[in-house]
Amino acid sequence: MSDKRILTIQDISCVGQCSLTVALPIISACGVETAILPSAVLSTHTGGFKGYTFRDLSGDMPAIGGHWKKEGIRFDAVYTGYLGSIDQIGYVQTIMEETLVPGGLRIVDPAMADHGRLYYGFTDEFARRMGSLCGIADIALPNITEACFMTGTPYGEEPKDEAFIESLIDRVADLGAKCVVLKGVSYEPDRLGVAVRQDGKTRYYFHEKLEKSSHGTGDIYASAFTGALMQGFAVYDAACCAADFTVESMKKTLGDDSHWYGVKFEKALPSLVRRVNKG
Ligand code: PXL
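Residues numbered from 1 in each chain as written. Predicted model: local features only at pLDDT ≥ 70, side-chain atom pairs only at ≥ 80, totals over all residues. Heavy atoms only, no water.

Student: I tried to follow the site of the ligand on my own but got confused; where do I start?
Tutor: All residues adjacent to the ligand are Asp11, Ser13, Cys18, Ser19, Leu42, His45, Thr46, Tyr82, Tyr119, His215, Gly216 and Asp219. The separation between an oxygen atom of the ligand and a polar side-chain atom of threonine 46 is 2.6 Å. When the ligand is considered free in solution it has 310 Å² of accessible area, and contact with the protein chains removes 98% of it. Of the residues assigned to the shell around the ligand, the class counts are 4 nonpolar, 6 polar and 2 charged. (Near = heavy atom within 4 Å. Polar contact = N/O pair within 3.5 Å; in protein donor to acceptor, adjacent residues only side chain to side chain. Areas by Shrake-Rupley, 256 points an atom, 1.4 Å probe, with all protein chains shown as cover. Nonpolar A, V, L, I, M, F, W, Y, C, P; charged D, E, K, R; others polar.)

Okay, structure coming up:
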């Protein structure tokens, strides 16, 4: 069997346990070679720190992609997260076309919004364009807020019942995404989970809902999902595995209020490694 190699494109937040600083260790721990393309370099993530630096690396992307094309470098999957500009969305599509092996997977985590709001610096136009990237995805991994922004669905204040969730997934699927893993679904007060739409059917996976929501958990989820998928898990099984790992990572952080900026996923890695690396 040939080992898988993937490319992940997202920012380096130097401090803050999100994006590349979680994707690289998690996917590597899953036994999958992980190449990176940083979309931007920030001193910290944007969720709670003040005065962070931000260097947009959009200008470097075409030349980096061009070099890989010339060298014949290929990936079994490209997984994208936080992107630094609208231009990057087009560059990413080109890099996918030029570097994916035949049948290679496009995994897109929109990574631009949560709790009903876009992250600082993003616009409705960016969200619309991210919708077009999700439209070419084999697997799109939005949370409810991101799915709403990409599809022009009002987020509203009301609890999101099954009818709302099913029609929201329909709308993301209508963008063109082949599979949709919708994160942050909850129909009962103490249960949280994901809805996985594949081949026109939705399957749910619920786990306990912890009191505190934490930063960077979407990136942890998408990274573990990608690692498990590349190790041969079916989409639904990878979605469940990633959910369990994310909850475990959050539990490892409970009780340490000084660790407000992210979760201690490192402490949960051994369980993920055991579950994903079968060989
Ligand atoms: O975890 C998503 C994320 C990634 N990168 C940066 C962020 C955020 C969320 O706020 O600010 C820079």
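Once the structure has been displayed, the description carries forward.
Student: When you look at the side chain of threonine 153 in this model, what are you seeing that I'm missing?
Tutor: Along the chain, threonine 153 turns up in the loop between helix H5 (144-151) and helix H6 (162-175). Engagement of the side chain of threonine 153 in a polar contact is seen with the side chain of threonine 151, the distance being 2.7 Å. For threonine 153, the contacting residues outside a window of four places in its chain are Cys148, Phe164, Leu168 and Arg171. (Helix = DSSP H or I, 4+ residues; strand = E, 2+ residues; numbered from the N terminus. Contact = heavy atoms within 4.5 Å.)

Student: When you look at the side chain of glutamine 10 in this model, what are you seeing that I'm missing?
Tutor: Relative to the elements of secondary structure, glutamine 10 occurs in strand E1 (residues 5-15). Polar side-chain contacts of glutamine 10 include one of 3.3 Å to the side chain of tyrosine 79. Those residues in contact with glutamine 10, other than ones at most four positions away along the chain, are Ser19, Leu20, Ala23, Leu37, Pro38, Ser39, Tyr79, Gly81, Tyr82 and Asp219.

Student: Explain the pairing of E1 to me, please; I cannot follow it from the model alone.
Tutor: Looking along a regular strand, one sees the side chains alternate between the two faces of the sheet. When E1 meets strand E2 (residues 33-44), the two strands line up parallel, connected through 9 bridges. Residue isoleucine 6 lies in a different strand from E2, and its bridge partner there is threonine 34. Crossover connection from E1 via helix H1 (residues 20-29) to parallel E2: handedness right-handed. Pairing between E1 and strand E4 (residues 75-80): 4 bridges, direction parallel. Opposite threonine 8, over in E4, you have tyrosine 79 as the bridge partner. (Pairing = 2+ DSSP bridges. Right-handed = clockwise from strand over helix to strand, strands pointing away.)

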